[in-house]
Amino acid sequence: MASVTLKNIHKKYPGGVLAVSNFNLEIKDKEFIILVGPSGCGKSTTLRMIAGLEEITEGELHIGDKLVNDVAPKDRDIAMVFQNYALYPHMTVFENMAFGLKLRKTPKEEIKRRVEEAARILDIAHLLDRKPKALSGGQRQRVALGRAIVREPKVFLLDEPLSNLDAKLRAQMRTELSKLHKRLGTTFVYVTHDQTEAMTMGDRIVVMKDGLIQQVDSPQVLYDYPVNMFVAGFIGSPQMNFIDSKLISKDGELYVEFGSEDTKTTRGHKYHIKLPDYKNAKGQLDEYVDKEVVMGIRPEDVHDEPHYLKEMPDCIVKANIEVVEKMGSETYLYFNTEGYNFTARVEPTSTARPGDEIDIVIDNRKIHLFDKETERTICN
């Protein structure tokens, strides 16, 4: 097994296009790490540099304690699973899985043992004689994984392997991949643009934007303590609500102020939501008093339940309900307050209907504040 270390990695394409910039990451042995970000952020390019399919412009890449910048892909002891599966249509499942081992002149008995073992792990032993065209998307995905497993590589690289599957199958394959990682005890580096995949599968997540790492941490830490607005908005579904606000001080207390008495979009309210003292425990908010900031609040921290209205009367705002989505286990409310569009994730018992004006609570304990200029987090 092996760790993977990327030191000051840059990737520049002809014409000066910088795809990845100053990428530094230590991937531990047996870790399941996920690179996540929007299309074009450099995550697949980074994976392909680890695989040796893209040349590194600058920096050092180590697999284990070996510098592999100039090592050919076949000699890196890695296996890659692609988005489109890349199966040979004229070969059976067995032949597809065995192909890489045959090229390495592995003995026939050993090939048979490894293929059958991988097929058993992936529950595709009954498909070994079929051709890819006779398989479903999920089965093809398992064959592609099986072809990687039989190689017994030090590192698995997976590039959006579930993106071609339907929603139900994707959820199923997420759990299968997590189980597979534990069973194989190998380092997994996984690329996706789907933050749900990232949150549910990774030991750590690397959030990327424009070729730069924004934050690296466990899923829960990223969710609770995002370092900037991009991470806060990217991690979590539905995404965090952002509201242009002002931080003000009254009688020694700090309040987030938003809205306006003379707004043309509604009848107009100016709201003042008190911040708990511990939000400013280190005094980091003092320099922002009387300045514009951005308030962030996650949909599950916006409530219409009666007990919240009773407990937090100072955090109530008027909401004009526009759309209600009943999801069964929960309800999403899309509403407008002072010209700002909000999403709330509330209990399925909510009686809110489109066209209603209702009272909504913004849980002040869960407020995040961001610097309006730099978009860096001021407090979580």
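Everything here concerns the structure above.
Procedures and definitions
- Within each chain, residue numbers correspond to sequence positions counted from 1 in written order.
- Local features in a predicted model are, by the rule used here, given only for residues with pLDDT of at least 70; side-chain atom pairs are given and counted only at 80 or more, and totals for whole chains, interfaces and linings are based on all residues.
- Water and hydrogen atoms play no part in the side-chain values, which are based on all heavy atoms of the structure.
- The rule is short: rings of Phe, Tyr and Trp, with Trp giving its six-membered ring, pair when the centres are within 6.5 Å, and they are stacked under 30 degrees, edge-to-face over 60, tilted in between.
- What counts as a helix is a DSSP run of H or I of at least four residues, what counts as a strand is a run of E of at least two, and both are numbered from the N terminus.
- Working definition: with a 1.4 Å probe on protein chains only, accessible area under 20% of the residue-type maximum means buried, over 50% means exposed, and in between means partly exposed.
- Should the NZ of a Lys or the CZ of an Arg lie within 6 Å of a ring centre and within 35 degrees of the ring normal, that charge is described as sitting over the ring.
- Here the nonpolar core consists of buried residues drawn from Ala, Val, Leu, Ile, Met, Phe, Trp, Tyr and Cys, with membership extended through side-chain atoms lying within 4.5 Å.
- Any two residues having at least one pair of non-hydrogen atoms within 4.5 Å are treated as being in contact.
- What counts as a salt bridge is simple: a side-chain nitrogen of Lys or Arg found within 4 Å of a carboxyl oxygen of Asp or Glu.
- One requirement defines pairing of two strands: DSSP has to find at least two bridges between them.
- Axes here refer to lines fitted to C-alpha atoms; in helices the fit is confined to the stretch in contact. Angles between the N-to-C directions go from 0 to 180 degrees.

Caption draft 1: Up close: the packing of aromatic side chains. This structure, assessed with the given rule, holds nine aromatic pairs. Ring centres of phenylalanine 32 and phenylalanine 188 lie 5.2 Å apart, and the angle between their planes is 45°; on these two criteria the pair is classed as tilted. One end of the pair, phenylalanine 32, is in strand E3 (residues 32-36); the other, phenylalanine 188, is in strand E8 (residues 187-192), with 156 residues separating them in the sequence. The same class applies to phenylalanine 32 as to phenylalanine 188, namely buried. Taken together through their ring pairs, the aromatic side chains of Phe32, Phe156, Phe188 and Tyr190 make up a single cluster. Lying across the ring of tyrosine 255, lysine 250 places its NZ or CZ 5.0 Å from the centre. Above the face of the tyrosine 223 ring, arginine 298 is positioned so that its terminal group lies 3.9 Å from the ring centre.

Caption draft 2: Inspection of the nonpolar core at higher detail. Judged by nonpolar contacts, the single largest core of 46 residues is most densely connected at Met97, Leu145, Leu158, Leu177, Tyr190 and Val207. Top element by residues in this core is helix H3 (residues 108-122). It accounts for six residues. Once you skip the residues sitting within four places of it in the chain, valine 207 turns out to touch Val36, Leu212, Ile213, Gln214, Gln215, Leu222, Phe230, Val231 and Ile235.

Caption draft 3: Examining the pattern of salt bridges more closely. Tallied over the full model, the rule gives 20 salt bridges. Close ionic contact of glutamate 110 with arginine 114 constitutes a salt bridge, the shortest N to O distance being 2.9 Å. Placement of both glutamate 110 and arginine 114 in helix H3 is noted, with a separation of four residues, approximately one turn of the helix. In this structure arginine 114 comes out as buried when scored by relative accessible area, which is 17%. Residues glutamate 152 and arginine 114 are paired through a salt bridge, measuring 3.8 Å at the closest nitrogen-oxygen approach. Residue glutamate 152 is located in the loop between helix H4 (137-149) and strand E7 (155-159), and its partner arginine 114 is located in helix H3; the two are separated by 38 residues in the primary sequence. Under the relative-accessibility criterion, glutamate 152 is labelled partly exposed at 47%. In this structure, a network of salt bridges that share partners links the residues Glu110, Arg113, Arg114 and Glu152.

Caption draft 4: Geometry of the sheet that holds strand E17 (residues 331-337). Spatial strand order, E15-E19-E16-E17-E18: five strands in an open sheet with antiparallel pairing. With one partner strand each, in any of the chains shown, strand E15 (302-303) and strand E18 (340-346) form the two edges of the open sheet. Inspection of the sheet shows strand E16 (residues 316-326) paired to strand E19 (residues 357-362) by five bridges, in the antiparallel sense. Across the sheet, residue lysine 318 finds its bridge partner in E19, namely aspartate 359.

Caption draft 5: Representation of the sheet that holds strand E11 (residues 241-250) in the model. Taking strand neighbours across the sheet as the criterion, the six strands line up as E13-E12-E11-E14-E20-E21 in an open arrangement whose pairing is antiparallel. Only two strands of the sheet have a single partner each, and these edge strands are strand E13 (270-274) and strand E21 (377-379). Neighbour to neighbour, the strand axes of the sheet diverge by 40° on average, direction disregarded. Pairing between E11 and strand E12 (residues 253-259): five bridges, direction antiparallel. What sits directly across from isoleucine 248, in E12, is tyrosine 255.

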